[in-house]
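Analysis of the macromolecular model
As a plain string of letters, each chain reads:
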Amino acid sequence: MRSGGRKGKSKATLPTHNVSKPATSAIGKSGRSFPLSPYMVLMSLLFWTFIAYLSFKGFQYLAVHRTINDDDLDGFCDAVFSKTYSENVKFVNSYPKGEAGPYISRIGSQKYADTFQGEEALKELTNIPPIVTAITSHDFWIFQGLIKQISEGNKKGMDLHLVVFDIGLYASELDLMKKQCNCDVRKFDVSVYPLHVADINNKAYRPIIIQLMLEEFGSAIWMDPDTRLQSVSDLTMLKYRGARNFFLWETSVFTGLISYTSPEMFKFLDERRCAFIDYGMMDTKTMVFYRTNQTWTGVMKPWLKCALNKECISPPNARNSECFHYRRPKWTGCHWYDQSAFSIIVNRVFQFSTHPDQYSVPRFTWHKDVEVVYYFPEQPWSYKQLVAMALSPFICCGIIWFLYLKRKRGSDPLLPNKSYYNKR
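Our subject in this report is the structure included herewith. As the structure is a prediction and not an experimental result, all values here were calculated from the model. (Residues numbered from 1 in each chain as written. Predicted model: local features only at pLDDT ≥ 70, side-chain atom pairs only at ≥ 80, totals over all residues. Heavy atoms only, no water.)

1. What about the packing of aromatic side chains?
Tallied over the entire structure, the rule returns 20 aromatic pairs. For the ring pair Phe91 and Tyr95, a centre distance of 6.2 Å and an interplane angle of 85° mean the geometry is edge-to-face. For Tyr95, a relative accessible area of 2% puts it in the buried group. Measuring from centroid to centroid gives 6.4 Å for Phe188 and Tyr205, while their planes differ by 65°, and the two rings are edge-to-face. Taken together, the residues span a long stretch of sequence, with Phe188 in the loop between β3 (184-187) and α8 (205-217) and Tyr205 in helix α8 at a distance of 17 residues. Summarising the burial analysis for this pair, Phe188 and Tyr205 share the class buried. Every member of this aromatic cluster is reached through a ring pair, and the members are Phe81, Phe266, Phe276 and Tyr279. The side chain of Arg348 reaches across the aromatic face of Phe91, ending 4.0 Å from its centre. (Phe/Tyr/Trp six-rings, centres within 6.5 Å; stacked < 30°, edge-to-face > 60°. Buried < 20%, exposed > 50% of the residue type's maximum accessible area, 1.4 Å probe, protein only. Helix = DSSP H or I, 4+ residues; strand = E, 2+ residues; numbered from the N terminus. Lys NZ or Arg CZ within 6 Å of the ring centre and 35° of its normal.)

Structure representation (structure tokens):
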């Protein structure tokens, strides 16, 4: 009986779990087990774009860092400049001509073949030297601030002559400049110079334009488009040059010359970098030149030699970004092109950084990084306006699509909506 009772009981088994499929929610029935919203797609795209950008910049910095070599700055430097002006001028005039020879003969008249033998600028000029600059489309609105100041000076009877070289204006901007500027607008013809001059980033055009102006007018005031005058009346003092051949300035904040100059430029000019370790960069945003023997032999001729040779003004791997600023006063990996060449020459010939009081006067200009000025009665479309016009159809379509999806989501009974959660 006992055994029979045992047989009647159910056999003990291990507990089991329910392997049946879970109840499918409303979202599961619709086939959306993991909803991927447009916002998540956009954020994911932005995230990976940011990662790609960081990777690209990292490779750039690594490539620049691999080119840095300052071994020649270590140890004792036995390179010194001559104490006489004539010896230093002789040295800079021995810089290799390379491809520059024929171009220099064409830029300057035959008077400048070897030595200056033409008519020098008067000690006291009858007019203020012409103001000259070169602008691209990027400078069109910034430059109008300087035009406004010059126009105000002319209204006071100062008779200022402004010469503007077009190095990259759109046709509409060029037409407005000729119509509204009341200045001498000229096209800079890059086709008659070496190919690298067409690259406006190296600013090889600057010494060329200055020399053309000196040949034509006998004097010139170079101003970058973002230059502003402290007072227009300050220009009057430039009529009286006396024994001066130019007015130059260092950068407003001392910047080491070798910090932003490629070692390859020094090699091309046969200069020793260590000799310039205590010298600073010259300010090329504002310069005043008079046509004299010293200006030609001591500044313009050697500057043109470098500007017209790509290996000098724009050596291999030269760049003005991804700088290692912490390495100053040694090389940061960046190169300032024509400004670097100009600084080498002026400091070699005149030791400007150690004797600035002999050559410069108080500054009469200052500079604005970004200042949009609408001085002309007519203005072309700005870049922001063009971008807004181009994107407006896509923005409108995006808004309509968003509203459509929102309305569809609110009307779908299988999808949770705001009213559903409010009831709970």
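The discussion continues.
2. A closer look at the sheet that holds strand β2 (residues 162-166)
Spatial strand order, β3-β2-β1-β4-β7-β6: six strands in an open sheet with mixed pairing. The open sheet is flanked by β3 and β6 (246-247), the only strands paired with a single partner. Here strand β1 (residues 131-135) runs beside strand β4 (residues 219-223); their pairing, made up of two bridges, is parallel. What sits directly across from Ile131, in β4, is Ile221. (Pairing = 2+ DSSP bridges.)

3. Description of the side chain of His335
Within the secondary structure, His335 sits in the loop between α11 (310-313) and α12 (337-350). Of the polar contacts made by the side chain of His335, one reaches the backbone nitrogen of Ser262; its length is 2.9 Å. Not counting residues up to four positions away in its chain, the partners in contact with His335 are Tyr260, Thr261, Ser262, Met265, Cys312, Ile313, Pro315, Ala318, Arg319, Asn320 and Ser340. (Polar contact = N/O pair within 3.5 Å; in protein donor to acceptor, adjacent residues only side chain to side chain. Contact = heavy atoms within 4.5 Å.)

4. A few points about the side chain of Thr261
Within the secondary structure, Thr261 sits in the loop between β6 and α9 (263-268). Within polar-contact distance, the side chain of Thr261 engages the backbone oxygen of Leu257 at 2.7 Å. If we skip the residues at most four places from it in the chain, Thr261 touches Phe266, Met281, Trp331, Cys334, His335, Ser340 and Ile344.

5. Observations concerning the packing of helix α10 (residues 293-307) against α12
Running from N to C, α10 and α12 point in directions that differ by 145°, and their axes come no closer than 9 Å. In the crossing of α10 with α12, the sense of the turn from one axis to the other is right-handed. Between α10 and α12, the residues in contact are Gln294, Gly298, Val299, Pro302, Trp303 and Cys306 and Asp338, Ala341, Phe342, Ile345, Val349 and Phe350, respectively. Class assignment for the residues of the contact of α10 with α12 results in nine nonpolar, two polar and one charged. (Axes fitted to C-alpha atoms, helices over the stretch in contact; angles between N-to-C directions. Left-handed = near helix turned anticlockwise from the far one by under 90°. Nonpolar A, V, L, I, M, F, W, Y, C, P; charged D, E, K, R; others polar.)

6. Topic: the state of the cysteines
Working definition: the covalent bond between the sulfur atoms of two cysteines is a disulfide. The tally for this structure, following the rule as stated, stands at four disulfides. Here Cys77 is linked by a disulfide to Cys274, with a sulfur-sulfur distance of 1.9 Å. Around the S-S axis, the bridge from Cys77 to Cys274 shows a dihedral of about 60° and counts as right-handed. Remark: Cys274 occurs in the loop between α9 and β7 (286-290) and Cys77 occurs in the loop between α3 (38-67) and α4 (85-92); sequence separation between them is 197 residues. On the basis of relative accessibility, which here comes to 22%, the residue Cys77 falls in the partly exposed class. Put simply, Cys306 and Cys312 are joined by a disulfide, and their sulfur atoms are 2.0 Å apart. Disulfide Cys306-Cys312: the torsion about the S-S bond is -95°, which places it as left-handed. When the cysteines engaged in disulfides are numbered in sequence order, the chain pairs them as 1-4, 2-3, 5-6, 7-8. No disulfide involves Cys396; its sulfur sits 6.9 Å from the nearest other cysteine sulfur, which is in Cys397. Residue class for Cys396 comes out partly exposed when judged on its relative accessible area of 45%. Residue class for Cys397 comes out exposed when judged on its relative accessible area of 52%. (Disulfide = S-S within 2.5 Å.)

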